[in-house]
Amino acid sequence: MLKKLLIVNGVSKLLIVDPEASLADVLRKQLLLTGTKVSCNDGHCGACSVILDGKLTLACVTKMNRVPDGAAITTVEGIGTPERMHPIQVAFAVFGAAQCGFCTPGMVVSAKALLDSNSNPTREDVRAWLTRHHNACRCTGYKPIVDAIMAAGKVLRGEMKLEDLEYKLPADGQIWGGKYPRPTANAKVTGTIDYGQDLGLKLPPDTLQLALVQAKVSHANILSIDTSEAEKMPGVFKVVTHKDVKGKNRITGLITFSTNKGDGWDRPILCDAKVYQYGDAIAIVCADTIEQAKAAAEKVKVELELLPAYMSAPAAIADDAIEIHPGTPNIYFEQKVVKGPDTRPIMESAPYVVQDSFYLQRQPHLTIESDMGFAYFDEEGRLTIHSKSIGLYLHQAMIAPGIGLPTEKVRLIQNPAGGTFGYKFSPTMEALLGVACVATNRPVYLEYDYQQFMQYTGKRSPFFIDIKMAADKDGKILAMEHDFLVDHGPYSEFGDLLTLRGAQYIGAGYNIPAIRGRGQTVCTNHVWGSAFRAYGSPQSFLASESLVDELAEKVGMDPLEFRYINVYRPGATTPTGQEPEVYSLPEMLEKLRPLYRAAREKAAQESTPENKKGVGVTIGIYGCGLDGVDGADADIELTKDGVTVYTTWQDHGQGADMGVLGTAHRALMPLRITPDKIKLTLNDTGLAPNGGPSGGSRSQVVIGNAIKNGCEQLVSAMTRKDGTFRSYDEMVAEKLPLRYKGKWSASMNSNCDENGQGRPFAVYMYGAFMAEVNVNTRTGKTTVEGMTVMADVGKINNRLVVDGQIYGGVAQGIGLALSEDFEDIEKHSTMLGAGIPYAKDIPDKFDIHYFETNRPEGPFGAAGVGELPLTSPHVAVINAIYNATGVRIRHLPAYPEKVLAGLKEQLPA
Ligand code: MCN
Ligand code: FES
C-alpha cells in the first residue's frame, strides 16, 4: 500500500492506496468523486479525464504509483457546482452539449485544460485537442461541444458576459419550439447526476457483486457445469446456474407474427443445453467483492461439445448447416413485398435497368457508458431491477416468466443512461440480475467491462441485399425487385419486425408502382441482433439509395434531379402502399439544389489527383411508432406546488426529460405555469403508467399525445364557466379529481400484411442528406468535409434537442460509412478497434435546414426525430466517394484498403 497526500480540488486528502489501483478508481471508490467516469478502462474515451498538476490526464490508465505525492488534481467537481457553475458548464448546458451526459464531465475537464493552456483557440484547435486527448462523444456529433467551448472562451476572455450566455425564458413564457436547456443539463455538466455505476457504489453493504461465467466459443452443446470448486472460493455466497432459475429460464422475444417458425422462447437467461454465441452467460458468481466473484468465475468448469459456428447468414443457410435451435429452421421468417403489377415484364421491357448487391455491417452501438444494473426486493416484496432499460413495461413482460415471477411482482426502474441507441431494447442484464437476486435473496450488482459490453450486447443486424430497379425513358422509376437476408444472430427477438423494416424502407421515398421483394431472417452464431437507431433503414437505404445513383447514371441524369422527379408527391404511395401524410421531399430537394451545385463545383475545382473531392446525396424516411395501433398512457396530477407528469418516456440520452417538460408545458399553457413547476416522475413501473418503450422515434408522437391528452383533461377540469381556472385548493374543496389519465393510440394505423402492405405509421420523418468528401488516392482514406441535412420532423418541441439528435445521428452515419464494425470478436471489442469516430472524423461544416410541416396526428404538429439522422447519411458518403473517384463501395465500411482496391481496379491492366 502507498500513503499519498493529494490536493484534490484544492483540498488536502490523505489516502492509503494500492499502488496498482488506477487514479480513477481511487477518486471514484475512495473519495466518492463519481463525476469522473470510467468506461473503456483503456484510454479510448476520455470520460475519466482529470487535470493532474496542470496536465490533462486519463485517470483510468494512470496507476497510483505514477501519481506524485502532493499532486494537485482537479476533477469536474472542482470546476463548478450546480449552484456555482463555471462558464464552461453553463455553455455546455445552453448549447445542448450534454445529451446522455456520460462523456460530459471528461469533456468539461478537457475544455478547462485547453482554455487554461490556450485562452483563444480556433474551432480547429478545439477539435484537434479533443481528438488528441481521446475525448469521445457518441451523442452530439461534437459540434455543440465545440460551440460551447468557443462560447465559454469568450466569457473567460471577457468578450461576453456570463448573463448573456445563460438561458432566459422568452417574454411570452413559451418554451415549445425554443432552446430551453433540458432539466438534467446542470446535473450532467457538473458531474452530479448518478449513473448506474455511481449508484452501484452507494448500495447497501450486504450487496453481492456479480461476475459472469461466459462462453468463449460461438456454438456448442453443454455437457456439464461444475461449480463445486468455485463455491468454495473466498467470499463466494452462491454460484447461480440454470438449475437455480425458478421460471422458464428464457427471455421471450414476444413473437407477434404468426408466420414466424420460432416461438420466441429461444434465448436462455443462463445457458442450459447449448451455447449459441460467444459470451453467452452460463453461470453467475455472487460474492462479497467483485475481485472474489471474478476469481471464482475462473474456477467454474464447463464441459462443451463444439459445434460448427455459422458466423454469417450465408454460412447458416448452406445445405449442410445444422439447425442452431433444433426444431426451428435457420431461416425462420420470411416477409414478402407485393405491390402493384408483376415486375418481371416491366424489367424485361424497360429502357433502363440496373441491379447490384450490397452488405451493411454489424454496427456496434459504441455508447461511452457500458452496461450495468442492480436488483433488490422492495418494501412491497417486488423484485426491483434498476438498469438502462428503454422499455420498462416491455421488459417486464419479456423477463418475468423466465425468472419465474408474475409480471406485477417485477418492478423495473431506469437509471440515468449513458446512451443506448437501441441496444437496451433487449433485456439481458435485467434477467441476469433478476435470477441472481431471487436465488440469493440479497441485493445484487452487475457491471460489464467494455469488452463484455461489446461481446454480450446486441448489434445492428447485417443485411445482404440483392436489388434491381427499372426506369422509363424520362427517368421515372417503374419497378423494383429485391431479395435480402437478415443475419440476426442466434436469438429471434424482434428479428421478424426487423425484416419487415426492410420491406418498408427499401425504395422508400420514391413512388414505385410495382415492387416484388422478399426478406428472410436467418439465425446465426454471431452476436444477436438488437434494435439500433433507425432500425432496418440504414441497411435498406444502402441498397436503394446506392442503386438510385446507379440508375440515374444509366439514365444519364444528375442524381439529385433523378431523385427530384421520383420522390413522393400527391398520388404517390410508399413501398407498403400507404399515402404519405405530408410531401416535403420535393421542397427539400429544391432547397438543396443550389447548395449541391455549389458543392459539386467546389469539389471539381479543388480536386487534385491525390485528393479527390466528391459530393453525394440521399433521401431518408422513417416512421414514428411501433407498427400498427401503438399507444401510450401518461398521468397528469395537480399538486400543491404545480403539476406532476407520470409516464415511462425512457431516456437513452436523447432528452426524454425535455420531451415531457416541453410537451406538458405547451399543453398547460392556459394555466400560465412556469416550467420549474412541472415535476417529472418517470421511468419506474412502480410509480408511472405505461408510456411504452422509447424506440422507433415514437415518444414525441405517441407519449407526447398521451401527455397532451392528460393535460387537456386537467385544464378542462380546472376551467370554470367564466373561463378562469380553479386553484389547487379549490379543486380539493370541490372534491374534483386531481389526477387524470392521459391516453392516446394510433387507431388509424394497420399492420402490414403478408405482402408487406398496410398503413404501419401515422407519422413519418423525412430528410435529405448531402455529404462532401475528400478521398486521398494514395492512402484510400475518406474524410467527410461537410454535411448538409434537410429535415422535416414536424413542429419542433425543443430546438437544442432536435439539433443534437441530428448532429449525433449523422455522426453515427459517418462512422457506419467509414470505420465502424463488430465482425472480429477480439479486434472489434474496444472502442478504438470498433472504429468510434472522434471529433476530427466529423465535419465542423455541418448545416441543418428544417421544414416544420404540421403533422395532424402529432402533438402540436410534431413528428419524431431520433432515427431520421441515421437513415441514409452513410449512403450520401458512399455516393460522394463514387462521385470523387468512380469507386462504388458495396460492402461497408469503406475502409481505406477497400477504396484503394477499387482505385486499383480502375487502372488499365
Ligand atoms: N423532439 C422534439 N421535437 C420533435 C421531435 C422530437 O423536440 N418534433 C425531441 C423529443 O422531445 C425527444 C427527442 O427529440 O427529446 C427524440 O424524440 P423522438 O424522436 O420521439 O424519440 P424518442 O424520445 O422515442 O427517443 C428514441 C430515439 C431512438 S429510437 C434512439 S435508438 C435514440 C435516439 O432517440 N437513441 C439515442 N436518440 C438518442 N440520443 C442519444 N443521445 N442517445 C441515444 O441512445
Ligand atoms: Fe457525449 Fe452522450 S453526451 S456520450
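Everything numeric in this text was worked out from a predicted model, so none of it was measured. (Residues numbered from 1 in each chain as written. Chains lettered and ligands numbered in written order. Predicted model: local features only at pLDDT ≥ 70, side-chain atom pairs only at ≥ 80, totals over all residues. Heavy atoms only, no water.)

1. Focus: the overall build of the chain
Thinking step 1. Across its full length, the chain holds 25 helices and 30 strands.
Thinking step 2. The C-alpha atoms of the chain give 27 Å as radius of gyration, which agrees with the globular expectation for 909 residues (29 Å, within 12%).
Thinking step 3. Oriented by its inertia axes, the alpha-carbon framework of the chain measures out at about 80 × 70 × 65 Å.
Thinking step 4. Within the chain, the proportion of its 909 residues that are buried is 63%. (Helix = DSSP H or I, 4+ residues; strand = E, 2+ residues; numbered from the N terminus. Rg over C-alpha atoms; globule rule 2.2 N^0.38 Å. Buried < 20%, exposed > 50% of the residue type's maximum accessible area, 1.4 Å probe, protein only.)

2. Focus: the side chain of threonine 788
Thinking step 1. Residue placement: threonine 788 occurs in strand β29 (residues 782-792).
Thinking step 2. If near-sequence neighbours (up to four positions away) are discounted, threonine 788 is found in contact with Leu592, Leu595, Ala768, Phe769, Met770, Glu772, Asp847 and His849. (Contact = heavy atoms within 4.5 Å.)

3. Brief notes about the packing of helix α2 (residues 87-94) against helix α3 (residues 104-117)
Thinking step 1. At a minimum axis separation of 10 Å, α2 and α3 run at an interaxial angle of 130 degrees. As judged from the angle between their axes, α2 and α3 are oblique. The chirality of how α2 crosses α3 is right-handed. Only Thr104, Met107, Val108, Ala111, Lys112 and Leu115 of α3 make contact with α2, whose side of the interface consists of Ile88, Gln89 and Phe92.
Thinking step 2. Its residues assigned to classes, the contact of α2 with α3 shows six nonpolar, two polar and one charged. (Axes fitted to C-alpha atoms, helices over the stretch in contact; angles between N-to-C directions. Parallel < 35°, antiparallel > 145°, perpendicular 65-115°, else oblique. Left-handed = near helix turned anticlockwise from the far one by under 90°. Nonpolar A, V, L, I, M, F, W, Y, C, P; charged D, E, K, R; others polar.)

4. Considering the environment of valine 109
Thinking step 1. Structurally, the position occupied by valine 109 is in helix α3.
Thinking step 2. Sequence separation between valine 109 and threonine 75 is 34 residues, and the spatial gap between their C-alpha atoms is 6.8 Å.
Thinking step 3. Not counting residues within four places of it along the chain, the set of residues in contact with valine 109 comprises Ser49, Val50, Ile51, Leu56, Thr74, Thr75, Val76 and Ile79.

5. Structural notes on the packing of helix α23 (residues 799-818) against helix α24 (residues 873-885)
Thinking step 1. For the pair α23 and α24, interaxial distance at closest approach is 7 Å and the crossing angle is 50 degrees. Compared by their axis directions, α23 and α24 come out oblique. Crossing handedness for the pair α23 and α24: right-handed. Facing Val810, Gly813, Ile814, Leu816, Ala817 and Leu818 of α23, the residues of α24 in contact are Pro873, His874, Val877, Ile878 and Ile881.
Thinking step 2. A per-class count over the contact of α23 with α24 returns nine nonpolar, two polar and no charged.

6. Some words on α23
Thinking step 1. Helix length check: α23, at 20 residues, gives a terminal C-alpha distance of 29 Å against a target of 28 Å (1.5 Å per residue), a fit within 8%.
Thinking step 2. At the N-terminal end of α23, a side-chain oxygen is found 3.0 Å from the backbone nitrogen of leucine 800, two or three residues along, and the residue is asparagine 798. (Expected span 1.5 Å × (residues − 1). Polar contact = N/O pair within 3.5 Å; in protein donor to acceptor, adjacent residues only side chain to side chain.)

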